[in-house]
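Coordinate inspection notes
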Amino acid sequence: QKNLSLLSPEQVELAKMLLEKEQSHLFQHWSEPGVNDDEKRAFFDQIAKLNSSYPGGLVAYVNTARELLADSKAGKNPYDGFTPSVPSGEVLTYGDDNFVQFEEAGVKEARKAAFVLVAGGLGERLGYNGIKVALPRETTTGTCFLQHYIETILALQEASCSLAEGNCQPEIPLAIMTSDDTHLRTMELLGKNSFFGMKPTQVKLLKQEKVACLDDNEAHLALDPHNKYRIQTKPHGHGDVHSLLYSSGLLKVWHDAGLRWVLFFQDTNGLLFKAIPAALGVSAIKQYHVNSLAVPRKAKEAIGGITKLTHKDGRTMVINVEYNQLDPLLRASGYPDGDVNSETGYSPFPGNINQLIFEIGPYIEELTKTGGAIKEFVNPKYKDATKTAFKSSTRLECMMQDYPKTLPPSARVGFTVMDAWLAYAPVKNNPEDAAKVPKGNPYHSATSGEMAIYRSHSLILRKAGVKIDDPVIQVFNGQEVEVWSRVVWKPKWALTFSEVKSKVSGNCSISQRSTMAIKGRDIALEDLSLDGALITEAVDGAEVKVGGSVQNKGWTIENVDYKETSIPEEIRIRGFRFNKVEQLEKTYTDPGKYFLKP
Ligand code: GDU
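Predicted, not measured: the structure shown is a model, and the values here were computed from it. (Residues numbered from 1 in each chain as written. Predicted model: local features only at pLDDT ≥ 70, side-chain atom pairs only at ≥ 80, totals over all residues. Heavy atoms only, no water.)

Around the ligand there are 24 residues in total, and Arg 125, Gln 208, Asn 352, Tyr 424 and Lys 428 lie nearest to it. At a separation of 2.6 Å, an oxygen atom of the ligand approaches a polar side-chain atom of Arg 125. A per-element tally of the shell around the ligand places strand β15 (residues 347-359) first, with three residues. Across the shell around the ligand, the residue classes break down as nine nonpolar, eleven polar and four charged. (Near = heavy atom within 4 Å. Polar contact = N/O pair within 3.5 Å; in protein donor to acceptor, adjacent residues only side chain to side chain. Helix = DSSP H or I, 4+ residues; strand = E, 2+ residues; numbered from the N terminus. Nonpolar A, V, L, I, M, F, W, Y, C, P; charged D, E, K, R; others polar.)

So, in structure tokens, the structure goes:
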């Protein structure tokens, strides 16, 4: 009461709201007016921000928290009344006619797409000190994830526009969701690198705010242990992306500009864009309102399972069930062994890789109803079985893939399964944890993430007719991985299988110890026999034929230990580095026709 005179009328309203929501403990320790006044004003600035950045404000936050905490205390299962079964979706085989058709359709549609990268997570499990999108996707060229994503979107934009009749939307927008943990460093990375070739206006950063922590089952907001005039906050999860796209008005701008698709993707999947054209083609041809990309999933692998849930009352939905909930759900509903591999060696439930494609019309319609709020959950760590006190404060969380939970049954929700070698190679686990992953399950580490790029490129070239040696098995940072020829190419060289095939002819072969980097659009491989390292770079307009027998000492692979702190972190977390002994390296800086022959 005594401090009321410090506050503006809006702040008084906020104070009343807090008192009505039984949050008087927040003020109990407040000093006399005249002492800590700046802190008190800052407290209300923070309250105003927490209130405005949550759909429905703090009142809605506290109400939802009370409900969810009561359910959690009562041990209520969020899937009560639902029976899981294996859903049916589009299962694609790389390179067959069906796949090629979807890819063509997808490239055509791409000019009507907007991309959304969720990159607000710090990546605690990886333990890397920088932001994850700045990590090299592979160290043959050193291209970081963000650069690769942007270059691919630019290549798609060009490929798509070249197929368009008449007027073409010339710039595919990219929105990046950041958080206080990643925002400045993401801006810096873009700024230092001229947005990797995108127009600065083409990229929009949307910063997510953290949410208030909760001290107990009554949803009393938690004070920061280090500052009694601040509410403690924690990340709310990637589900924030929907309310941010809505409240920022960006979605409306895209919709008004005639765009048709929004594609969501995560910070470190270096293979993802290999799957995008075909998956977008599936969305367009099957007219899916929601299309989730999935890969065959090993039982207990730390990715959610796409599941069909049928309620007692007849409702059904196809939704991601997060990995920690899938096993108990299955056990409780007639699968006594829980989440186990079937005779195929994989779980019958496809693994959600959280690459989502939404049709923008139905999406904006739904968000207009919900304001972008999606189903949340709470995961308190209780002190004991009475479930009355928490070990540490908790908060509500949400996931972007839970969006379909509020959709009516008429919504067209589907999914597309592709091989993991093509579509999924995230970098999430630190070397120590990766080395403990059960044998046969993917490591999801910096080591496996990079090796997966080489495997994927090698397998694609094999399908296109290039003779590629089998891989050898090597151990880096305690992880056994297949080492294929180190083949990488720029997205503008080829986005689809048809494009790869059109750039390879005659008898080509690449030995296992080889490295090949293709950095240019019009580089064609013709009767090339490579045993060593070959780096070809060409500006647009330089048409280069690469052929003949290229043989040199090449680049060898050296083991490095992740504990070796004298080596840069982004290298040592891989467990290897390249020793560039000898290579054939050619750069074509002028347009023209060239033949690269040793
Ligand atoms: N992220 C945010 N804000 C947050 C939390 C995370 O933007 O508050 C971003 C991360 O930067 C990352 C993405 O969201 O790009 C996903 O975060 P994690 O990699 O930590 O996600 P998980 O491994 O916990 O799981 C998610 C899905 C799983 C599965 C998996 C696949 O929840 O179902 O699909 O990704 O990689």
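A few words now on the sheet that holds strand β26 (residues 515-519). Here four strands make up an open sheet; going across it, the order is β23-β26-β28-β32 and the pairing parallel. Two strands close off the open sheet at either side, each with one partner strand: β23 (486-489) and β32 (584-588). Pairwise comparison of adjacent strand axes, ignoring direction, gives a mean angle of 5° for this sheet. Where strand β28 (residues 533-538) and β32 come together, five bridges link them in parallel fashion. By the bridge assignment for β32, Glu 537 is matched with Thr 587. (Pairing = 2+ DSSP bridges. Axes fitted to C-alpha atoms, helices over the stretch in contact; angles between N-to-C directions.)

Looking now at helix α2 (residues 37-52). Taking 1.5 Å of rise per residue, 16 residues should cover 22 Å, and α2 covers 23 Å from first to last C-alpha, within 8% of that figure. Those residues of α2 not exposed but buried are Asp 37, Lys 40, Phe 43, Phe 44, Gln 46, Ile 47 and Leu 50. Residues of α2 that are buried in the fold lie against α1 (9-20), α3 (57-73), β6 (211-212), β9 (227-231) and β10 (233-234). (Expected span 1.5 Å × (residues − 1). Buried < 20%, exposed > 50% of the residue type's maximum accessible area, 1.4 Å probe, protein only. Contact = heavy atoms within 4.5 Å.)

For the coordinates displayed, the defined rule picks out 33 salt bridges. Between Arg 41 and Asp 38 there is a salt bridge whose closest N-O contact spans 3.2 Å. Note that Arg 41 and Asp 38 are positioned in helix α2 at a spacing of three residues, about one turn of the helix. A relative accessible area of 58% means that Asp 38 is categorised as exposed. (Salt bridge = Lys/Arg side-chain N within 4 Å of Asp/Glu carboxyl O.)

In terms of nonpolar packing, the biggest core is built from 112 residues, with Phe 115, Leu 146, Leu 174, Met 418 and Leu 461 touching the most fellow members. With residues up to four places along the chain from it excluded, the contact list for Leu 146 reads Leu 117, Val 133, Ile 176, Leu 189, Leu 190 and Phe 196. Of all hydrophobic cores here, the second largest spans 32 residues; its members include Leu 14, Ala 15, Tyr 229 and Leu 396. (Core = buried A, V, L, I, M, F, W, Y, C linked by side-chain atoms within 4.5 Å.)

Our focus in this paragraph is unusual backbone geometry. Positive phi is not limited to glycine here, since Ser 194 has a value of about 45°. Here Ser 194 is to be found in the loop between α6 (183-192) and β5 (203-207). We note that Lys 387 has phi near 55°; this positive angle belongs to a residue other than glycine. Summarising the element assignment, Lys 387 is placed in the loop between β16 (376-378) and β17 (389-394).

The space that makes up the second largest pocket amounts to roughly 730 Å³. Along the walls of the second largest pocket sit 27 residues, with Gly 440, Asn 441, Pro 442, Tyr 443 and Arg 455 positioned nearest its centre. Where the lining of the second largest pocket is concerned, the elements lending two or more residues are β12 (290-297), α12 (420-423), α14 (446-463) and β22 (479-483). A per-element tally of the lining of the second largest pocket places α14 first, with five residues. For the lining of the second largest pocket, the class distribution of residues is 15 nonpolar, five polar and seven charged. (1 Å grid on protein atoms, 1.4 Å probe; cavity = no way out; pocket = protein on both sides within 12 Å on 5 of 7 lines; lining within 4 Å. Points joined across faces, edges and corners; volume = space filled by probe spheres on them.)

Summed over the entire model, instances satisfying the criterion amount to eight cavities of 30 Å³ or more. Here the largest cavity defines a volume of roughly 140 Å³. Within the residue set of the lining of the largest cavity, elements represented by two or more residues are α5 (145-163), α9 (272-286) and α15 (497-502). Of the residues contributing to the lining of the largest cavity, the split by class is ten nonpolar, three polar and four charged. Its boundaries defined by the atoms lining it, the second largest cavity holds a volume of some 100 Å³. In terms of lining, the second largest cavity is formed by 13 residues, of which the most central are Glu 138, Thr 141, Thr 143, Trp 489 and Lys 490.

Along the chain, the position of Ser 485 falls in the loop between β22 and β23. Take Ser 485: its relative accessible area is 0%, and that puts it in the buried class. Here Ser 511 takes part through its backbone oxygen, which lies 3.0 Å from a polar atom of the side chain of Ser 485. When neighbours within four sequence positions are excluded, Ser 485 is seen to be in contact with Tyr 454, Ser 458, Ile 468, Ile 510, Ser 511, Gln 512 and Ser 514.

What follows covers the packing of aromatic side chains. Two aromatic rings, taken as a pair, are described by how far apart their centres are and by the angle between their planes. Inspection of every chain in the model, using the stated rule, returns 29 aromatic pairs. Ring centres of Phe 27 and Phe 44 lie 6.1 Å apart, and the angle between their planes is 15°; this geometry places the pair in the stacked category. Pair noted here: Phe 27 is in the loop between α1 and α2 and Phe 44 is in helix α2, with a separation of 17 residues, a long-range link. Across this residue pair, the class does not change: Phe 27 and Phe 44 are buried. Members of the aromatic cluster, connected to one another through ring pairs, are Phe 27, Trp 30, Phe 43, Phe 44 and Tyr 229. One Lys or Arg, Lys 298, reaches over the ring of Tyr 346 and ends 4.6 Å from the middle of that ring. (Phe/Tyr/Trp six-rings, centres within 6.5 Å; stacked < 30°, edge-to-face > 60°. Lys NZ or Arg CZ within 6 Å of the ring centre and 35° of its normal.)

The N-to-C vectors of helix α4 (residues 97-109) and α9 enclose an angle of 85°; their axes lie 6 Å apart at closest approach. Between α4 and α9, the crossing angle belongs to the class labelled roughly perpendicular. Contacts between α4 and α9 involve Phe 99, Phe 102, Glu 103, Ala 105, Gly 106, Val 107 and Glu 109 from the former and Lys 274, Pro 277, Ala 278, Leu 280, Gly 281, Val 282, Ala 284, Ile 285 and Lys 286 from the latter. The residue inventory of the contact of α4 with α9, partitioned by class, reads ten nonpolar, two polar and four charged. (Parallel < 35°, antiparallel > 145°, perpendicular 65-115°, else oblique.)

Just geometry here; none of it tells us what the structure is for.
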